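Notes for the structure review
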Amino acid sequence: MAFPKRNLENKYDYGIIIPVSCLLAIGLVSIFVATYHDYPHLLAKVMIQQVLWIAFGSLLAYILMFFTTKFLWKLTPLLYLLGIALMVLPLFFFSPQLVASTGAKNWITIGSMTLFQPSEFMKISFILVLARLTVWFKGRKERDSFKDDWKLLSLYVLVTIPVMVLLALQKDLGTAMVFMAILAGVVLIAGISWWLLLPILISTIAAIALFFTVFLMPNGKEFFFNLGMDAYQINRISAFLAPFDFSKTIAYQQTQSMISIGSGGIFGKGFNHLELPIPVRESDMIFTVIAENFGFIGSAILLMLYLILIYRMLRVTLESNNLFYTYISTGFIMMILFHIFENIGAALGILPLTGIPLPFISQGGSALISNLIGVGLILSMHYHHVSAKDLQSYENQENNKAK
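Criteria and cut-off values
Just so you know, the residues in each chain are numbered from 1, in the order the chain's sequence is written. Predicted model: local features are reported for residues with pLDDT of at least 70 only, side-chain atom pairs are reported and counted for 80 or more only, and whole-chain, interface and lining totals are derived from all residues. Side-chain descriptors were evaluated using all non-hydrogen atoms of the structure, hydrogens and water having been removed beforehand. Working definition: helices are DSSP H or I runs of at least four residues, strands are E runs of at least two. Numbering for both runs from the N terminus. Two things to know: the radius of gyration comes from C-alpha atoms, and the globule rule equals 2.2 Å times the number of residues to the power 0.38. Any residue under 20% of the maximum accessible area for its type is buried, any over 50% is exposed, and the rest in between are partly exposed; the area is computed with a 1.4 Å probe on protein chains only. Residues are treated as being in contact if the distance between any of their heavy atoms lies within 4.5 Å. For every accessible area listed, the method is Shrake-Rupley and the probe measures 1.4 Å; residues are considered covered only by the protein chains on display. His is not counted here, nor are the chain ends, while Lys and Arg score as positive and Asp and Glu score as negative. To locate a charge, the coordinates of NZ of Lys, CZ of Arg, CG of Asp or CD of Glu are taken. Pairing of aromatic rings covers Phe, Tyr and Trp, the last through its six-membered ring, and needs centres within 6.5 Å; plane angles under 30 degrees mean stacked, over 60 mean edge-to-face, and all others mean tilted. An axis is simply a line fitted to the C-alpha atoms; with a helix, the fit covers only the stretch in contact. Between two such axes, the angle follows the N-to-C directions and lies from 0 to 180 degrees. Each crossing is labelled by how the near helix is turned from the far one, with a counterclockwise turn of less than a right angle marking it left-handed and a clockwise turn marking it right-handed. Here, a salt bridge means any side-chain nitrogen of Lys or Arg that lies within 4 Å of a carboxyl oxygen of Asp or Glu. A 1.4 Å probe that fits but cannot get out identifies a cavity on a 1 Å grid over protein atoms alone, an open set with protein on both sides within 12 Å along at least five of seven lines counts as a pocket, and a residue lines either if it has an atom within 4 Å of a point. Grid points are joined across faces, edges and corners, and a volume is the space filled by probe spheres set on the points. Basically, the charged four are Asp, Glu, Lys and Arg, the nonpolar ten are Ala, Val, Leu, Ile, Met, Phe, Trp, Tyr, Cys and Pro, and anything else, Gly included, counts as polar. Multiplying 1.5 Å by the residue count of a helix minus one yields the expected span of that helix. What the bend at a residue measures is the angle between two axes, fitted to the seven residues ending there and to the seven starting there. On a range of 0 to 100, pLDDT expresses the predictor's confidence in each residue.

1. Focus: the overall build of the chain
Each helix and strand counted, the chain has 14 helices and two strands in total. Computed over C-alpha atoms, the radius of gyration of the chain comes to 23 Å, within 12% of the 22 Å expected from 2.2 N^0.38 for 403 residues, which places it in the range of a compact globule. Expressed along its principal axes, the backbone C-alpha trace of the chain runs to roughly 80 × 50 × 45 Å. A total of 403 residues make up the chain; the buried ones form 47% of that total. Expressed as a percentage of contacts within the chain between residues at least 6 apart in sequence, the contacts between residues at least 24 apart total 71%. As displayed, the chain has an accessible area near 20100 Å², and 70% of this comes from carbon and sulfur atoms. Of note, the chain has its 26 positive side-chain charges centred 8 Å away from the centre of its 21 negative side-chain charges.

Structure below.
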């Protein structure tokens, strides 16, 4: 008797595919509006590029869906080492103009051509290596709970340090925060004792409180500048703490963003209506386009799509009996959540600007393709889970016939 495979379509997780597709469509509309108003001469080029990136990212997601756990397990160390190697390149191949405008050496630029941002792809490699490390460590036979928690934390630090060092050299604090969010998510689900985590958490909160206390002192900014903190980072924090005090200078982008979002009201101004100039609104400030055009209702729909996507990813994670994929999913969910929280929070003025894009919405290829690769990994989890259920059902039918 032939094995009764389901149709391939039944193994697709439409609970993930549909909200991602809707987010990508909203992104295309928003990028069109932003580019139409800010760079009308580049409209066709920008839209074609974005569609091509979506197509390429979707193809990668489709291919990844069929990756077996065994193959992905073997591939993970190579992807991690490749990611580290690629992150070295922006330190040597960069655009001085881009560095001057962003303050970071995080893009590979050769001549006049800016290629991609390696740290975006390193996020996926980092998630994979944390997942593999956790499963390998917890699979050992001899275990001492408290000592093992220390050892596992030490291993996490070991694979995180090279990434953090390279991000520090690139001066990319925003992306470093994303990696720390990913690490925090994996650490929490790994079951490490709170007796170890609580002192770390308290120390982190105390350090943040101390930083802002010193920063707000009369000579605080000068103190951090003398310690080596970049001027653009100091300006961003100053703009966050008192945006309208610097509305004509360092906080111009953020104050314009806040006014733009507020001007959208409940229902928005309608499609393709933008009145305020906002720097890079096609990328970092794409949420302002949605809020100004479609108001509170449009913004709420956007957040609802994100909630549906995250809920479905959590369901897939809980249904899966594959620990490797469970840790992968946790890392990716934390990555997406932090991107949403930081990007929209910065646009609303409740968080500092860090240049973090809005997932599936912002213009740009590196982050978009990286996000779609993550979606492919979650789809793979569902695909193999359904395949395993089919196999089990078939075996049960054969056993019943044998009886």
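Next, the rest of the story.
2. Re the packing of aromatic side chains
Taken as a whole and judged by the stated rule, the model has 17 aromatic pairs. Ring geometry for Y12 against Y62: centres 6.4 Å apart, planes inclined by 65 degrees, an arrangement best described as edge-to-face. Placement of the pair is Y12 in the segment before α1 (14–38) and Y62 in helix α2 (residues 43–64), with a sequence separation of 50 residues. For Y12, a relative accessible area of 18% corresponds to the buried category. For Y62, a relative accessible area of 38% corresponds to the partly exposed category.

3. Things to note about unusual backbone geometry
For K171, which is not a glycine, the phi torsion comes out positive at approximately 60 degrees. Its location among the elements puts K171 in the loop between α6 (145–170) and α7 (173–189). Assessed through its relative accessible area of 40%, K171 is described here as partly exposed. Although it is not a glycine, N272 sits at a positive phi angle of roughly 65 degrees. Tracing the backbone through its elements, the reader meets N272 in the loop between α11 (252–263) and α12 (286–319). You can call N272 buried: its relative accessible area is 19%.

4. Describing the packing of helix α5 (residues 118–138) against helix α13 (residues 323–348)
Relative to each other, α5 and α13 sit at 145 degrees, their axes nearing to 8 Å. Between α5 and α13 lies a crossing whose hand is right-handed. Contact residues: E120, K123, I124, I127, L128, A131, R132, T134, V135 and K138 in α5; L323, F324, Y327, I328, G331, F332, M335 and H339 in α13.

5. Concerning the environment of I286
With respect to the helices, strands and loops of the structure, I286 is situated in helix α12. The exposure class of I286 is buried, given its relative accessible area of 0%. Through-space distance from the C-alpha of I286 to that of S30 is 6.8 Å; in sequence the pair is 256 residues apart.

6. Section: the pattern of salt bridges
Under the counting rule described, the total for this entry stands at six salt bridges. Close ionic contact of K269 with E275 constitutes a salt bridge, the shortest N to O distance being 3.4 Å. For E275, a relative accessible area of 62% puts it in the exposed group. Across the salt bridge formed by E319 and R315, the nearest N and O atoms sit 3.2 Å from each other. One end of the pair is E319 and the other is R315, both in helix α12 and four residues apart, which spans about a single turn. One continuous salt-bridge network, built from bridges that share partners, spans K269, E275 and E292.

7. Some thoughts on the layout of surface pockets
One number sums up the size of the second largest pocket: a volume of about 220 Å³. Around the second largest pocket, the lining residues are Y12, I17, V20, S21, L24, S58, A61, Y62, M65, L372, V375 and L379. Counting residues per element, the ones that place at least two in the lining of the second largest pocket are α1, α2 and α14 (365–402). Each residue belonging to the lining of the second largest pocket can be placed in one class, and the counts come to 10 nonpolar, two polar and no charged.

8. Points about α6
The first and last C-alpha atoms of α6 sit 37 Å apart over 26 residues, in line with the 38 Å expected at 1.5 Å per residue. Of all bends in α6, the biggest is about 35 degrees, found at T160, and the proline P162 comes one to four residues later. What α6 keeps buried is the set D148, D149, L152, L153, Y156, V159, T160, V163, L166, L167 and Q170. Residues of α6 that are buried in the fold lie against α3 (69–88), α5, α7 and α8 (194–215). Positive backbone phi, approximately 60 degrees, marks K171, located one or two places after α6.

9. With respect to the confidence of the model for the chain
Averaged over every residue, the pLDDT of the chain is 88; residues scoring 70 or more account for 93%. Under a pLDDT of 50 for its full length, residues 1–5 has, in the predicted model, nine contacts with residues more than four places off or in other chains.

10. Comments concerning the environment of L152
Relative to the elements of secondary structure, L152 occurs in helix α6. A relative accessible area of 1% places L152 in the buried class. Between the alpha carbons of L152 and F137 there is a distance of 7.2 Å; along the sequence they are 15 residues apart. Filtering out sequence-adjacent residues up to four positions away, L152 remains in contact with T134, F137, K138, A190 and I192.

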